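# Architecture at a glance
In case you want the letters, here they are:
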Amino acid sequence: MDGTLVDTEPYWMATESAIAEEYGGTWTHADAMHLVGNELIASGEYIKTKLGLAQSAEEVVEMLLDGVVAHVRHAVPWCAGARELLLALHDAGVPCALVTMSYQRFVAPILEHLPPETFRVIVTGDMVDNGKPHPEAYLTAAAALGVDPANCVAIEDSPTGATSAAAAGCRVLVVPNHVPVPPGPGRVFRDTLEGLTPIQLSQLSHRG
């Protein structure tokens, strides 16, 4: 979701910087880039250690979510073509799953802007034992949809996400956003989701 469907990374970065400022710590752009695509608890651990916070990693995650959810409720920053592709897939009856390392309470206000059942399955970071780059989240989503991961196309924007999807056996459409993603087996690259149709997306799953 983050960086693929909605460009909330600036919201996360702003919240991270605000936490650092509040607690008198130093937060750099490199720190922010290091967290892109990570499961939230790993980000919480990193921020706690980097800033020397007394709060637990779980408490740091809640601080992050408080800030980002406030931003999202003010405005949802859709990535170019993302909402249009989701609506087209919904109209075509293509079963879709949302696989994100964000937590449910962050996902909910974004889903309010989409038709019901746009995503038949939602797998969030607080629902799995192993976050990306582990394949558990994508394997969980495919099983819930009742489909073979090999027949799925995953759309990702980060190295951790692309690794997770490929490890699950999915074909991966990579649309890089804030961090570069290296080439790899099963990965197809595109600059944007703008203009992408369900038929074009389905063709990706059949490429060798």
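Quick look at the structure, then.

Rules and cut-offs
Position labels on residues start from 1 in each chain and follow its written sequence. Predicted model: local features are reported for residues with pLDDT of at least 70 only, side-chain atom pairs are reported and counted for 80 or more only, and whole-chain, interface and lining totals are derived from all residues. Note that the side-chain values use all heavy atoms of the structure and ignore hydrogens as well as water. Space inside and on the surface of the protein is sampled on a 1 Å grid over the protein atoms alone, with a cavity defined as a set of points where a 1.4 Å probe fits but cannot get out and a pocket as an open set with protein on both sides within 12 Å along at least 5 of 7 lines; lining residues have an atom within 4 Å of a point. Grid points are joined across faces, edges and corners, and a volume is the space filled by probe spheres set on the points. Only Asp, Glu, Lys and Arg are considered charged, only Ala, Val, Leu, Ile, Met, Phe, Trp, Tyr, Cys and Pro nonpolar, and every remaining residue, Gly among them, polar. Just to be clear on terms, a salt bridge is a Lys or Arg side-chain nitrogen sitting within 4 Å of an Asp or Glu carboxyl oxygen. Put simply, DSSP H or I for four residues or longer makes a helix, DSSP E for two residues or longer makes a strand, and each gets a number counted from the N terminus. Here's how the labels work: a residue is buried when its accessible area is under 20% of the maximum for its type, exposed when over 50%, partly exposed in between, all with a 1.4 Å probe on protein chains only.

### Description of empty space enclosed by the protein
Evaluated as defined, the whole model comprises one cavity of 30 Å³ or more. Within this model, the largest cavity holds a volume of roughly 30 Å³. For the largest cavity, the full set of lining residues is Met 1, Leu 5, Trp 78, Leu 98, Ile 110, Leu 111, Leu 114 and Phe 119. Taken together, the residues that form the lining of the largest cavity break down as eight nonpolar, no polar and no charged.

### A short note on the pattern of salt bridges
Between side chains of opposite charge, a pair can form when the charged atoms approach closely. For the structure on display, the rule yields four salt bridges. Arg 105 serves as the salt-bridge partner of Glu 62, at 3.1 Å between the closest nitrogen and oxygen. With a gap of 43 residues between them, Glu 62 in helix 4 (residues 57-74) and Arg 105 in helix 6 (residues 104-111) connect regions that are remote in the sequence. With a relative accessible area of 34%, Arg 105 lands in the partly exposed category. Lys 132 is the salt-bridge partner of Glu 156, the closest N and O atoms lying 2.7 Å from each other. Remark: Lys 132 occurs in the loop between strand 2 (121-123) and helix 7 (136-145) and Glu 156 occurs in strand 3 (residues 153-156); sequence separation between them is 24 residues. In this structure, Glu 156 and Lys 132 share a single accessibility class: buried. Each of the salt bridges in this network shares a partner with another, and the network as a whole consists of Glu 62, Asp 66 and Arg 105.

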